[in-house]
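Structural features, examined
Chain by chain, the residues:
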There are 2 protein chains.
Amino acid sequence: MMKRNTIQRAMVLDAVNKLKCHATADEVYQIVVNEHPNISKGTVYRNLNQLAEMGEIRKIEVPGNADRFDHRCHDHYHARCLKCGKVFDVEMEYIQNLEKQIKDSHGFQFSGHDLMFKGVCPNCQKKEK
Amino acid sequence: MMKRNTIQRAMVLDAVNKLKCHATADEVYQIVVNEHPNISKGTVYRNLNQLAEMGEIRKIEVPGNADRFDHRCHDHYHARCLKCGKVFDVEMEYIQNLEKQIKDSHGFQFSGHDLMFKGVCPNCQKKEK
DNA sequence: TCCTTATTGATAACCTTTACTATTAAGTAA
DNA sequence: TTACTTAATAGTAAAGGTTATCAATAAGGA
């Protein structure tokens, strides 16, 4: 069960890097389908998840909305607008070893954490007026 | 547009309190449908969200899995098992004003944060062997 | 060049949640 | 109590994002 290199996976990776930040699977698909019109959406999903497992890209799961995919960079946190659902990067020090602040793990094996701030983005604040 | 008290909402609230922690909408529905066999699932969803808005219960959004509903208690964090999807309480000090650690808000209006640890629960660790 | 099988394209299915709509019933006022 | 207004309900369909299925294709090694 060895991993094969396909042009589809290369194109998906390219598209994520081109979109830079917080692209949805559908946005990636729209880019890729331009050059490779008969690519399947399932292929895009499969490769996005594979690339995330391989550590080439980052997967940001957003409850209620579509998951986002980032080009791989440093660990960082996100903020989600409760009005429009968009996801933004947050400029804040990443908390290493946050797991150590847990008093009793009860045998749970921790492997990381997600921190998502909530609020209203500047754009949606304008609209409210 | 005033809010009316219905037996359905009371039953939904009762069920969440009975289940104590991290109940899914479907689990709540299963409890309620016992006593009130013709209740609609839509009614359960509608009331769970209303109760969450009213602050009577807490809604925990879980990406990929069904949302969970807690009886109202103190702010706390959660851990999700990557194998079985179950959600657990984490014994750790809640970080008040975590938003103040953000260097530049870029006009974003923060209203809170969710912190979700990831890992493998004791039960799923056993199964792996 | 052949062979094995991982990957693809196309489509259906999945699962949670929301939308729709005629009907029911909660609260208010007569 | 009775009548009235309309919020809430039951039942169902549909949305939305993602995964499953499977025959056909093609990547990489022999």
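Summary of the structure given here.

What counts and how
Residues numbered from 1 in each chain as written. Chains lettered and ligands numbered in written order. Predicted model: local features only at pLDDT ≥ 70, side-chain atom pairs only at ≥ 80, totals over all residues. Heavy atoms only, no water. Axes fitted to C-alpha atoms, helices over the stretch in contact; angles between N-to-C directions. Helix = DSSP H or I, 4+ residues; strand = E, 2+ residues; numbered from the N terminus. Parallel < 35°, antiparallel > 145°, perpendicular 65-115°, else oblique. Left-handed = near helix turned anticlockwise from the far one by under 90°. Contact = heavy atoms within 4.5 Å. Nonpolar A, V, L, I, M, F, W, Y, C, P; charged D, E, K, R; others polar. Pairing = 2+ DSSP bridges. Near = heavy atom within 4 Å. Polar contact = N/O pair within 3.5 Å; in protein donor to acceptor, adjacent residues only side chain to side chain. Buried area = accessible area lost by both parts, 1.4 Å probe. Salt bridge = Lys/Arg side-chain N within 4 Å of Asp/Glu carboxyl O.

Side note on the packing of helix 2 (residues 25-35) of chain B against helix 3 (residues 41-54) of chain B
Relative orientation and spacing of two packed helices are given, respectively, by the angle between their axes and the distance between those axes. Residues and elements named next belong to chain B. At their nearest, the axes of helix 2 and helix 3 sit 10 Å apart, and the two run at 120° to each other. The orientation of helix 2 with respect to helix 3, classified from their angle, is oblique. Note that helix 2 runs across helix 3; the crossing there is right-handed. Across from Ala25, Asp26, Val28 and Tyr29 in helix 2, the residues of helix 3 making contact are Lys41, Val44, Tyr45 and Leu48. When the residues that make up the contact of helix 2 with helix 3 are grouped by side-chain class, the tally is six nonpolar, no polar and two charged.

Let's talk about the pairing of strand 6 (residues 109-120) of chain A
As paired strands, strand 4 (residues 77-81) of chain A and strand 6 of chain A are joined by four bridges and run parallel to one another. Its bridge partner being in strand 6 of chain A, A:His78 is matched across the sheet by A:Met116. Where strand 6 of chain A and strand 6 (residues 109-120) of chain B come together, 11 bridges link them in antiparallel fashion. Looking across to strand 6 of chain B, one finds that A:Asp114 is bridged to B:Met116.

Details of the protein's contact with DNA strand D
Lining the immediate surroundings of DNA strand D are 20 residues, of which A:Asn5, A:Tyr45, A:Asp67, B:Thr43 and B:Arg46 lie closest. Within 4 Å of the protein, atoms of DNA strand D come from sugar and phosphate in 75% of cases. Contacts to DNA strand D include A:Asn49, whose side-chain N or O atom sits 3.1 Å from a phosphate oxygen. Mapped onto the surface near DNA strand D, the elements with two or more residues apiece are helix 3 (41-54) of chain A together with helix 1 (7-19) and helix 3 of chain B. Here the surface near DNA strand D takes three residues from helix 3 of chain B, the largest share from any one element. For the surface near DNA strand D, the per-class residue count stands at five nonpolar, nine polar and six charged.

Side note on the interface of chain B and chain A
In many reports, interface size means the accessible area that the parts give up when they come together. Facing the 37 residues of chain B at the interface are 37 residues of chain A. Taken over both partners, the interface formed by chain B and chain A buries close to 3,200 Å², and the fraction arising from carbon and sulfur atoms is 58%. Among the residues of chain B in contact with chain A, B:Glu91, B:Phe108 and B:Lys118 are the three that bury the most area, contributing 20% of the side total. Among the ionic pairs, A:Lys118 bridges to B:Asp114, the shortest N-O distance being 3.5 Å. Inspection of the chain B/chain A interface yields 19 residue pairs in polar contact (both at pLDDT 80 or more). When residues of the side of chain B that touches chain A are traced back to their parent elements, those giving at least two are strand 4 (77-81), strand 5 (87-90), strand 6 and helix 4 (122-128) of chain B. Here the side of chain B that touches chain A gets 12 residues from one element, more than from any other, and that element is strand 6 of chain B. Tallied by class, the residues present in the side of chain B that touches chain A amount to 19 nonpolar, nine polar and nine charged.

Comments concerning the protein's contact with DNA strand C
What surrounds DNA strand C is a group of 21 residues, the closest being A:Thr6, A:Thr43, A:Arg46, B:Tyr45 and B:Asp67. By atom count, sugar and phosphate contribute 73% of the portion of DNA strand C lying within 4 Å of the protein. Between B:Tyr45 and DNA strand C, the recorded distance is 2.8 Å, taken from a side-chain N or O atom to a phosphate oxygen. In this structure, B:Asn49 approaches DNA strand C through a side-chain N or O atom, which is 3.2 Å from a phosphate oxygen.

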